[in-house]
Amino acid sequence: MSYPGLVTAALAVMFVLLFAPTAAFAATGDAYLTIVSGGSVLRAARSASGAWTGFSRIPGVPGQARSVDEVMVGGQRNLMVLTSSGLYHSVLTSNGWGPFSDIVGRGAGQPDIDFTIGGGGVGGRVSAANAGGVLHVVLTGIGQATHTYRDANGGWARFNQGALRQRRGHIRNADATGLPNGQLYVAVSSLGKPGTPYHAVRFPDGTWSNLAGVPAPAGLTMGVSFVSTAALKDQVHVVVTVAGTARVYDAIRYADGTWTGLTDITGQTGPCGGGPIAASGDGTGQLHIVITGYPNNFGLLHSVRLTSGRWTALSNVKSVAGELGPAEWVGLSAEQA
C-alpha cells in the first residue's frame, strides 16, 4: 500500500474509534451489556473472542435510571430506559446515543399499570425486543405488565396489557423476545411462592395467546424467581434464576410449540446470585446470560450456552470490565449475522 493509502486507512481507523465507538465491536457474536447502577446507565461490550471493554456511562439519561434494555432493530441499536420521570427511548448514531424521547408523549400514553418501583426486584422493569423488524417494549409494574410497540413513523402504540392482564396482581417481572416472523414471546415470573414462570405469544396481527405455564418437572418450586427470554433462530429460551437456592434453569420452546421444560443447568454454570437476569442469542448460535446478585446486587456473572448445548461456567464480569458498584438491573443484546 502506498504512503497516502496508509494515511487514509489510519484516518479511517481513527474515525471509527473516535466517532463510532461501537463499530469496533460490531462483529457477529459480540455482545453488549447495559447496567443500572446508582441511577446511572453504564455500558460495556464483549467481543466474540471473549474480551471485554471497560464500563462507560451513557450521558443524557433523564432522571434516575431504574431499568434498562437494548436491542438492534432495522440496523439501529435502540436503548430503552425506565427512570424516575418516565420511559425513554434513544438510538445509537455515529456521534453516540441520540436524545432521549419520552414515549408517553409520542403516542404510547400513560401506562395502564402502576410501574412504581417495588422492593426486592418487584416491578419497575423495561424489556425491549425485535419482532419482525418492529421494536416492542414490555413494561413491568408492581404485580402487572403492559406492552407497546414503535410504528413505522416513529410513534408509539397505546399501552395495552393484552394477555398479560390474566396475571394481574401476580407478576414479579416480565421479559420479551421476538422472532423474524413477527411473533413476540413474553415470559413472566410470579409473585407467589412457589411460583412458576408463565409465557404468552403476541402474533403479528396483534392478537395474544393465553398465558400458560412454562413446563417444569413435577414438584419443582421456583420460589422468588427472575426471568429472561432470548431467541435463537426459531427457538425461544426462557431462563430463570431462583433466589435462595442460587440455581439457574433453562427451557426451550421449539418452532412446533413443544418444550424441553425447565432444566436445572446449575451443574454446568455453577451457583448464581439468584437476582435479575438478562439473556440474548447471537448470530453464531450461542446464548448469553448475565445475572446480578440478590438482594444486594453486588455480583455480575456471565455465561454462554455453546452451540453444542453446553453452558460455560459463570464468570465475574467485574473482574475484567471493572468494578461499578451494585448492578441493580441488566440489559443484554448480541450482534447478529
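Up top you'll find the structure we're talking about.
Residues numbered from 1 in each chain as written. Predicted model: local features only at pLDDT ≥ 70, side-chain atom pairs only at ≥ 80, totals over all residues. Heavy atoms only, no water.

(A) Representation of the overall build of the protein chain. Helices and strands together make up the secondary structure of the protein chain, namely three helices and 24 strands. Among the 337 residues that make up the protein chain, the fraction classed as buried is 55%. Within the protein chain, contacts between residues separated by at least 24 positions form 51% of all contacts whose residues are at least 6 apart in sequence. Roughly 13400 Å² of accessible area belongs to the protein chain as shown, and the carbon and sulfur atoms make up 54% of that amount. (Helix = DSSP H or I, 4+ residues; strand = E, 2+ residues; numbered from the N terminus. Buried < 20%, exposed > 50% of the residue type's maximum accessible area, 1.4 Å probe, protein only. Contact = heavy atoms within 4.5 Å. Areas by Shrake-Rupley, 256 points an atom, 1.4 Å probe, with all protein chains shown as cover.)

(B) View of the pairing of strand S2 (residues 40-46). Judged by how many residues are buried, S2 sits mostly within the fold: six of seven residues are covered. Between strand S1 (residues 31-37) and S2, which follow one another and run antiparallel, lie two residues, and Gly 38 among them has a positive phi close to 60°. The pairing of S2 with strand S3 (residues 56-57) spans two bridges and is classified as antiparallel. What sits directly across from Leu 42, in S3, is Arg 57. (Pairing = 2+ DSSP bridges.)

(C) The arrangement of the sheet that holds S1 in detail. Strand order in the open sheet formed by four strands is S3-S2-S1-S24, and the pairing between neighbours is antiparallel. Looking at strand neighbours, the two that pair on one side only are S3 and strand S24 (329-334), the edges of this open sheet. Alignment of S1 against S24, held across six bridges, turns out to be antiparallel. Counterpart to Tyr 32 in the pairing with S24 is Ser 333.

(D) Molecular detail of the packing of aromatic side chains. Within this structure, the stated rule accounts for one aromatic pair. Positioned above the aromatic ring of Tyr 32, the side-chain terminus of Arg 77 is 4.0 Å from the ring centre. Looking at Arg 172, its charged tip hangs above the ring of Phe 226, at a distance of 5.7 Å from the centre. (Phe/Tyr/Trp six-rings, centres within 6.5 Å; stacked < 30°, edge-to-face > 60°. Lys NZ or Arg CZ within 6 Å of the ring centre and 35° of its normal.)

(E) Geometry of the layout of surface pockets. A volume near 640 Å³ is recorded for the largest pocket. Here the residues of the lining of the largest pocket are counted per class, giving 20 nonpolar, 16 polar and six charged. (1 Å grid on protein atoms, 1.4 Å probe; cavity = no way out; pocket = protein on both sides within 12 Å on 5 of 7 lines; lining within 4 Å. Points joined across faces, edges and corners; volume = space filled by probe spheres on them. Nonpolar A, V, L, I, M, F, W, Y, C, P; charged D, E, K, R; others polar.)

(F) The pattern of salt bridges, seen in detail. Per the counting criterion, the structure on display carries six salt bridges. The partner of Glu 70 in a salt bridge is Arg 77, and the shortest N-O contact between them spans 3.1 Å. As far as the burial class goes, Glu 70 and Arg 77 line up, both buried. Between Asp 264 and Arg 247 there is a salt bridge; the shortest N-O distance is 2.6 Å. Of the two residues, Asp 264 is situated in strand S19 (residues 263-264) and Arg 247 in strand S18 (residues 247-253); the sequence distance between them amounts to 17 residues. Here the residues in one salt-bridge network are Arg 43, Glu 70, Arg 77 and Glu 335, joined through shared partners. (Salt bridge = Lys/Arg side-chain N within 4 Å of Asp/Glu carboxyl O.)

(G) Local environment of unusual backbone geometry. Despite not being glycine, Lys 233 shows a phi value in the positive range, around 60°. Position of Lys 233 among the secondary structure elements: in the loop between strand S16 (225-232) and strand S17 (235-242). In this structure, Ala 246 is a non-glycine residue whose phi angle is positive, near 60°.

(H) Inspection of the sheet that holds strand S14 (residues 198-202) at higher detail. Spatially, four strands are ordered S12-S13-S14-S15 in an open sheet, and the strand pairing comes out antiparallel. If you trace the sheet from one side to the other, it starts and ends with strand S12 (171-178) and strand S15 (212-213), each paired once. Of the strand pairs in this sheet, S12 and strand S13 (residues 184-190) are connected by seven bridges, and their pairing is antiparallel. Considered in S13, the bridge of Asn 173 is made with Ser 189.

(I) Seen up close, the side chain of Thr 269. In this structure, Thr 269 sits in helix H2 (residues 266-269). Residue Thr 269 is classed as buried on the basis of its relative accessible area of 4%. Those residues in contact with Thr 269, other than ones at most four positions away along the chain, are Val 248, Ser 303, Trp 311, Thr 312, Ala 313 and Leu 314.

(J) Structural view of the nonpolar core. If you look at the biggest cluster of nonpolar residues, it comprises 17 residues, and the most contacted ones within it are Val 239, Val 248, Cys 272, Ile 277, Leu 287, Ile 289 and Ile 291. Residue assignment for this core shows that the elements contributing at least two residues are S16, strand S20 (274-281) and strand S21 (287-293). Setting aside anything within four residues of it in sequence, one finds Cys 272 in contact with Thr 241, Ala 246, Arg 247, Val 248, Ile 291, Leu 301 and Leu 314. Leu 82, Leu 87, Ala 108 and Trp 156 belong to the second largest nonpolar core, which has 16 residues in total. (Core = buried A, V, L, I, M, F, W, Y, C linked by side-chain atoms within 4.5 Å.)

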